[in-house]
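In case you want the letters, here they are:
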Amino acid sequence: MPRTTTVECPGCPPFRALTFDALGLIKVIEARGKGGGVPQVVDRWGDPDASKCVLAACIDDRKTDPLLAVARKSGVIEVLNPLNGELSVTVSNVSNVGVRPEDDAIVGLHLFRRRRMELTSRLCTLLTCTTKGNASIKTVDMTDSPAYSGSPNTWNVCASGNIQCSQVNGSENYALFGGKGVEVNMWDLDKCAKIWTAKPPPANSLGIFTPTWFTSATFLSKDDHRKVVAGTNSHQVRLYDVSAQRRPVISFDFRETPIKAVTEDLDGHTIYIGNGSGDLASVDIRTGKLVGCFLGKCSGSIRSIARHSELPVIASCGLDSYLRIWDIGTRQLLSSVFLKQHLTKVVFDTNFTDEVKHDATDSAAHEAQSMGEVQTADETEKLPNKRKKSSKENKGSKNKASKEKEGSKKLKSKKRSKSLEHDVADDA
Amino acid sequence: MGGKRKNSESEGMEGDNDGKNSNKKMKKEKTEILPSSIKNKEKRSAVHAKLKHQKKLDKRKKLKARAAAEKRALELGEEPPPKQIPRTIENTREADATVCMPDDEELFAGNDADEFSSILKHDRTPKILITTCRFNSTRGPAFISELLSVIPNAHYYKRGTYDLKKIVEYANNKEFTSIIVVHTNRREPDGLLIIGLPDGPTAHFKLSSLVLRKDIKNHGNPTSHKPELVLNNFTTRLGHRIGRLIQSLFPQDPNFQGRRVVTFHNQRDFIFFRHHRYIFETKESKQSDSKGKKAKDAKDESIAKEKVVAHLQECGPRFTLKLVNLQHGTFDTKGGEYEWVHKPEMDTSRRRFFL
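Please read these numbers as outputs of a predicted model, since none were measured by experiment. (Residues numbered from 1 in each chain as written. Chains lettered and ligands numbered in written order. Predicted model: local features only at pLDDT ≥ 70, side-chain atom pairs only at ≥ 80, totals over all residues. Heavy atoms only, no water.)

Asker: Pulling in residues and values, what's your account of the overall build of chain A?
Answerer: Each helix and strand in chain A was counted, giving 3 helices and 28 strands. A total of 428 residues make up chain A; the buried ones form 48% of that total. When the accessible surface of chain A is split by element, carbon and sulfur atoms take 51% of a total near 20,700 Å². (Helix = DSSP H or I, 4+ residues; strand = E, 2+ residues; numbered from the N terminus. Buried < 20%, exposed > 50% of the residue type's maximum accessible area, 1.4 Å probe, protein only. Areas by Shrake-Rupley, 256 points an atom, 1.4 Å probe, with all protein chains shown as cover.)

Asker: Describe the overall build of chain B, naming the residues involved and giving the relevant values.
Answerer: Secondary structure summary: chain B contains 9 helices and 11 strands in total. Considering only contacts in chain B between residues 6 or more positions apart, those separated by 24 or more positions represent 69%. About 22,600 Å² of surface is accessible on chain B, with carbon and sulfur atoms providing 52% of the total. (Contact = heavy atoms within 4.5 Å.)

Asker: Any chance you could break down the nonpolar core for me, citing the residues and the numbers?
Answerer: The biggest cluster of nonpolar side chains holds 38 residues, and the ones touching the most others in it are B:F143, B:I180, B:F205, B:I242 and B:F264. The contact partners of B:F205, leaving out residues within four places of it in the chain, are B:D190, B:G191, B:L192, B:I194, B:I242, B:I271, B:L321, B:K322, B:L323 and B:V324. (Core = buried A, V, L, I, M, F, W, Y, C linked by side-chain atoms within 4.5 Å.)

Asker: Let's hear about helix α6 (residues 164-173) of chain B: which residues, and what values?
Answerer: All names here are of chain B. Taken together, the buried positions of α6 are L164, I167, V168 and A171. The arc that holds every buried residue of α6, seen down its axis, measures 105°, which confines them to one face. Away from its buried face, by an angle of more than 90 degrees, α6 presents the exposed residues K166 and N173. Packed against the buried residues of α6 are β1 (128-132), β3 (178-185) and β4 (188-196). (Arc of directions from axis to C-beta.)

Asker: Before we move on, could you go through the packing of aromatic side chains and cite the residues and values that matter?
Answerer: Residue and element names in this part refer to chain A. Per the counting criterion, the structure on display carries 15 aromatic pairs over all chains. Ring plane angle 55° and centroid distance 5.2 Å describe the contact between Y322 and F338, whose orientation is recorded as tilted. Here F338 lies in strand β27 (residues 333-338) and Y322 lies in strand β26 (residues 322-327), a separation of 16 residues in the sequence. Residue classification places Y322 among the buried residues on the basis of a relative accessible area of 17%. (Phe/Tyr/Trp six-rings, centres within 6.5 Å; stacked < 30°, edge-to-face > 60°.)

Asker: Quick one: what's the story with the sheet that holds strand β18 (residues 236-241) of chain A, residue by residue and with numbers?
Answerer: Residues and elements named next belong to chain A. The strand order across the open sheet formed by 4 strands is β16-β17-β18-β19, and the pairing between neighbours is antiparallel. Because the sheet does not close on itself, it has two edges, and the strands there are β16 (214-219) and β19 (250-253). Here the average twist between neighbouring strands, direction ignored, is 15°. In this structure, β16 lies alongside strand β17 (residues 227-232), joined through 5 bridges in antiparallel fashion. The partner of T218 across the bridge, within β17, is V229. (Pairing = 2+ DSSP bridges. Axes fitted to C-alpha atoms, helices over the stretch in contact; angles between N-to-C directions.)

Asker: Outline the interface of chain A and chain B, supporting the account with residue identities and numerical values.
Answerer: With 35 residues of chain A at the interface, the matching set in chain B holds 27 residues. A combined buried area of about 2,500 Å² lies between chain A and chain B, and 52% of that area is made up of carbon and sulfur atoms. The largest share of the area that chain A buries against chain B comes from A:K297, A:S299 and A:K340, three residues that together contribute 21% of it. There are 5 salt bridges connecting chain A and chain B. A salt bridge links B:E106 to A:K27, with the nearest nitrogen and oxygen atoms 2.9 Å apart. Our enumeration of links across chain A and chain B arrives at 14 residue pairs in polar contact (both at pLDDT 80 or more). Each residue belonging to the side of chain A that touches chain B can be placed in one class, and the counts come to 12 nonpolar, 13 polar and 10 charged. (Buried area = accessible area lost by both parts, 1.4 Å probe. Salt bridge = Lys/Arg side-chain N within 4 Å of Asp/Glu carboxyl O. Polar contact = N/O pair within 3.5 Å; in protein donor to acceptor, adjacent residues only side chain to side chain. Nonpolar A, V, L, I, M, F, W, Y, C, P; charged D, E, K, R; others polar.)

Asker: If you had to explain the side chain of B:T263 to someone new, which residues and values would you point to?
Answerer: Mapped onto the elements, B:T263 comes out in strand β7 (residues 260-267). Setting aside residues no more than four positions away along its own chain, B:T263 makes contact with B:V230, B:N232, B:F272, B:F273 and B:R274.

Asker: Now, about the sheet that holds strand β28 (residues 343-348) of chain A: what can you tell me, with residues and values included?
Answerer: Residue and element names in this part refer to chain A. Taking strand neighbours across the sheet as the criterion, the 4 strands line up as β3-β2-β1-β28 in an open arrangement whose pairing is antiparallel. Edge positions in the sheet fall to β3 (40-45) and β28, since each has one partner strand and no second. For this sheet, the mean inter-axis angle between neighbouring strands, taken without regard to orientation, is 25°.

Asker: Can you explain the pairing of strand β12 (residues 162-168) of chain A? Please cite residues and give values.
Answerer: Residue and element names in this part refer to chain A. Judged from the 6 bridges that link them, β12 and strand β13 (residues 174-180) form a sheet pairing that is antiparallel. Each residue of the ladder has a partner; that of N162, found in β13, is K180. If you look at the hairpin formed by β12 and β13, you'll find 5 residues sitting between the two strands, and E172 has a positive phi there, around 60°.

Asker: Summarise the environment of B:V150; cite the residues concerned and give the values.
Answerer: All names here are of chain B. Note that V150 resides in helix α5 (residues 139-150). Taking the C-alpha atoms as reference, V150 lies 8.8 Å from G316; in sequence the two are 166 residues apart. When residues no more than four places from it in sequence are discounted, the contact partners of V150 are P227, F250, R260, V262, F273, H275, G316 and P317.

Asker: Residues and numbers for the pattern of salt bridges, please.
Answerer: Residue and element names in this part refer to chain B. Enumeration according to the criterion identifies 27 salt bridges over all chains in this entry. With its nearest N and O atoms 3.5 Å apart, the salt bridge here joins D163 to R134. Pair noted here: D163 is in the loop between β2 (154-156) and α6 and R134 is in the loop between β1 and α5, with a separation of 29 residues, a long-range link. Judged by its relative accessible area of 41%, D163 is partly exposed.

Asker: How would you sum up unusual backbone geometry? Please name residues and give values.
Answerer: In this structure, the amide linkage connecting B:L197 to the following residue, B:P198, adopts the cis form with an omega of -5°. Structurally, B:P198 can be placed in the loop between β4 and β5 (202-211). Backbone torsion omega between B:G316 and B:P317 reads -10°, so that peptide bond is classified as cis. With respect to the helices and strands, the residue B:P317 is situated in the loop between β9 (307-314) and β10 (318-328). A positive phi angle, close to 75°, is found at A:K340, a residue other than glycine. If you trace the backbone, A:K340 turns up in the loop between β27 and β28. Residues other than glycine seldom take positive phi values, yet B:R186 does so here, at roughly 50°. Note on placement: B:R186 falls in the loop between β3 and β4. For B:R186, a relative accessible area of 73% puts it in the exposed group.

Asker: How would you sum up the pairing of strand β10 (residues 134-141) of chain A? Please name residues and give values.
Answerer: Residue and element names in this part refer to chain A. Along β10, 6 of the 8 residues are buried, which leaves the element largely enclosed by surrounding structure. Pairing analysis gives 7 bridges linking strand β9 (residues 123-130) to β10, with the strands arranged antiparallel. Its bridge partner lying in β10, C129 is registered against A135. Between β9 and the antiparallel strand that follows it, β10, lie 3 residues; G133 among them carries a positive phi value of about 95°. Taken together, the 4 bridges between β10 and strand β11 (residues 153-156) define a ladder with antiparallel strand orientation. What sits directly across from I137, in β11, is N153.

Asker: For α5(B), give the residues involved together with the corresponding values.
Answerer: Residues and elements named next belong to chain B. Over its 12 residues, α5 runs 16 Å from end to end, which matches the ideal 16 Å to within 8%, given 1.5 Å per residue. Listed in full, the buried residues belonging to α5 are G140, F143, I144, E146, L147 and V150. Taken down its axis, α5 places every buried residue within 165° of arc, on the same side. (Expected span 1.5 Å × (residues − 1).)

Asker: Account for the confidence of the model for chain B, with residues named and values stated.
Answerer: Mean pLDDT over chain B works out to 85, with 85% of the residues at or above the 70 mark. Under a pLDDT of 50 for its full length, residues 288-295 of chain B has, in the predicted model, 5 contacts with residues more than four places off or in other chains. (pLDDT = per-residue confidence, 0-100.)

Asker: Tell me about the confidence of the model for chain A, and please be specific about residues and values.
Answerer: All names here are of chain A. Model confidence for chain A is summarised by a mean pLDDT of 78, while 74% of its residues fall at 70 or above. A low-confidence stretch, residues 356-421 stays under pLDDT 50, and its non-local contacts, those more than four residues away or across chains, total 22 contacts. The low-confidence segment residues 423-428 (pLDDT under 50) makes 0 contacts with residues lying over four places distant or belonging to another chain.

The structure is reproduced here in structure tokens:
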């Protein structure tokens, strides 16, 4: 007997997200109106073309002059303006002649946040990494289009195997690479030197050794590059501590399909993991305990998870072509948008606010007004619901507060235990 | 008996009238008594029976009135009252954002870019490899021999003890376009795996209610012509994908003189497979015969009266498929990514369908 509960979708707070899909389209999704906005596709950039499939994307969202870098299947990296989709520069990543871009596809792309000096000179710096492990840092001048300023700094990350994930830490000094047959390794970007490599866990009691295959990796917190979380193809999530040891500190299984996406929370101990059969969960990595799953008819593999830097909201997307917005505290589905194609990546534009519009075109403004009217009508209708929600939220916040307290306690105890461990290590 | 029934009916009618009057009185006195609120069992059942009988009578009356209205309209030559449409699960289906619209340009762009477009655009001719699970007997081979007669350019290979991944590799080298694996359990086929090659999706279906050709009464024997294909009711994005996967199994240029048709009919997420031969017969209606007796000069009229009737003959097999999951890429149970998996939390309504 199937259960007959309906999943209610309360609206979500105003946000702006960009999704990238297998046909190379970039879609802009916006939700307006406080507490009950319905996200909608407001813009679509690019023409559908399978060879322009987006493989990686990175956004540098600052208050003024933000940038968006998109790596395509054809080996081209485009730098766009995320506000109106204007193409500022295209860079071809085909380094050696004779290698087809399909064979050596880009897997990792990072757009460095620009410092003041670079702002004035309109330069942007890109880190790219291909499947075969060719990593390079390029500085591109955006004033005259295809000119390189400064030679690209290229090095090889791995001798064999395929790179499948790469990540740059918050302060942008260190990069992380991992993949099929490649252990997670960390590089110092200033010196272009490998500083750490992981070691595979020993064979189990039966003598069975699972081959290395990392599918996703991320740094645990913004200012600490030493803690790294990685997901493997054999549905394991591992926490590495670079300063402690080469083997994982914590390792646990999650469901039965490969971990396809790992994203860290801002608090530095919660991570969000998504796997190949569409399960999304949050885990407290200090203990390795599952906090809870995000339930909501998610039927296709999750390719990307994004955490909003201000709102308590995450977005997930994947092969089921839905962009879903979730609440972190309640783990409830806030809303979902059907985007028609297999999605590969989602990013948030955090500087979006409801009142101030970035692209102040007249038509858009009119739209906003009409939308506002509609929403006010909706709100009047939904008043009783709203009250309920608010009460729930209050409860939720209380719970959160208590949880936080507990968390802090745990932290203290953890610290103690850690210090003990350190002592032991010292003794040894 | 009849008399008795009449008596009872008339009694019933009287009783019914009385009941109505009493009902009216009751309404005046009290609003309504639910039989379930009466505690005495005999009384309760009596009241319930009365209520039920009353309902039945009302329904019959309504039907009669409707029939009479229709008849009157016919006699007067007016428009008959509009026919009522029954509410079914299908026509009250839940609104779904993934249902494809015919004017959706993104859909067509997506279709052009997908794995099957090279076959559907006649760039590659379909070549199918059919194999089984490792243990296969009785109904399994019989079903496969019939599948071979249904799908043109299909080749059966013994499974042996090869891994499916090895078979996929082999088929890729031999330039097959799809692999069908028939899975049997306890000598009964119960699963079907369709793998698109070289990098197409893998669909896993549950197979049920299989009827082989020899068990179908008055079955026909199919010819070796390329069959026509009918795909019904594949509406959503996922449905379109499954439809295209099935379409890529068959050649895109049917031989119409073969008069063979293969149907995949989707209803409530179950895909029904049927295989028929058809024929159009011109049949003279009875009126023309009688006229022919009366006069021969009315020949033109008799020609006009000739009717074309389509006759179907089923030529098996007959089975039902239900999608279990759709995997991105070729068969890979351990490291595979799913495009669609059925999960229990999706069953929140009887009126939601995925295909």
